[in-house]
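Structure at a glance
Each chain, letter by letter, is given below.
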Amino acid sequence: MKIYRKDREYPKEYQEVLKELATVIDPISTMNLLDVGLIAGLNVNEETLEIWLAVESNTYYNMIGGAAIAHSKIIGDIMERFALVKFSRVYIYDMGNNLLAKFEKK
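Cut-offs used in this document
Residues numbered from 1 in each chain as written. Predicted model: local features only at pLDDT ≥ 70, side-chain atom pairs only at ≥ 80, totals over all residues. Heavy atoms only, no water. Helix = DSSP H or I, 4+ residues; strand = E, 2+ residues; numbered from the N terminus. Buried < 20%, exposed > 50% of the residue type's maximum accessible area, 1.4 Å probe, protein only. Contact = heavy atoms within 4.5 Å. Areas by Shrake-Rupley, 256 points an atom, 1.4 Å probe, with all protein chains shown as cover. Pairing = 2+ DSSP bridges.

**Regarding the overall build of the protein chain**
A tally of regular secondary structure across the protein chain gives 4 helices and 5 strands. Walking the protein chain from its N terminus toward its C terminus, one meets helices and strands in the order β-α-α-β-β-α-α-β-β. Relative to its full complement of 106 residues, the protein chain shows a buried share of 45%. Expressed as a percentage of contacts within the protein chain between residues at least 6 apart in sequence, the contacts between residues at least 24 apart total 51%. When the accessible surface of the protein chain is totalled, it reaches about 6200 Å², and 51% of it is carbon and sulfur.

**Concerning the pairing of strand β4 (residues 89–93)**
In terms of burial, β4 is largely enclosed, as 4 of its 5 residues are buried. Looking at chain direction, strand β3 (residues 48–53) and β4 are connected through 5 bridges and run parallel. What sits directly across from Trp52, in β4, is Tyr93. Counting the residues between successive antiparallel strands, the hairpin from β4 to strand β5 (residues 99–104) contains 5 residues, one of them, Asn97, with a positive phi of roughly 65 degrees.

**Details of the pairing of β3**
Burial analysis of β3 places 6 of its 6 residues in the buried class, the great majority of the element. Note: strand β2 (residues 39–44) against β3, 5 bridges, orientation antiparallel. By the bridge assignment for β3, Val44 is matched with Leu49. Between the antiparallel neighbours β2 and β3 lie 3 residues.

**Considering the environment of His71**
In this fold, His71 is placed in helix α4 (residues 67–82). On the basis of relative accessible area, His71 is assigned to the partly exposed category, the value being 22%. Taking the C-alpha atoms as reference points, His71 and Asp26, 45 residues apart in sequence, are found 8.6 Å from one another.

**Concerning unusual backbone geometry**
In this model, Thr30 sits at a positive phi of 65 degrees, which is unusual for a non-glycine residue. Topologically, Thr30 is positioned in the loop between α1 (12–21) and α2 (33–36). Among the residues examined, Thr30 registers a relative accessible area of 61% and is labelled exposed. Phi at Asn97 takes a positive value of approximately 65 degrees, unusual for a residue other than glycine. In this fold, Asn97 is placed in the loop between β4 and β5. For Asn97, a relative accessible area of 48% translates into the label partly exposed.

Shown next as C-alpha cells:
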C-alpha cells in the first residue's frame, strides 16, 4: 500500500485515480475525500485498485452519528467511478485492513 500524502509525487496511474477520488464528496464535511483526509492509502495496477479509508480518523462522523450512511455513500461513489469502468477488481478496506467492499468482474 502506498500511504497517501498530498505532497507526495505519484506515478501517472496513481495520479489518474487521485484526480477521480478528488471528485468524491464526503457527505458529512462536504469536502472531497482527499481534502478531508479519508484516503489513507492505495494500490493501483492494470486491473486492480485497492483503497484504504481512514474512516476512524475523522471524529466528526462519530459526533453526529452519520457514519454508516456516510461510509455507504462514499463506498458507493468510489465503486461507481472505478468498478468495471476503469478496473476489473476494486477493493476498499478500513484501517484495520478489514474488507469494506469488493468488486470482481466475473
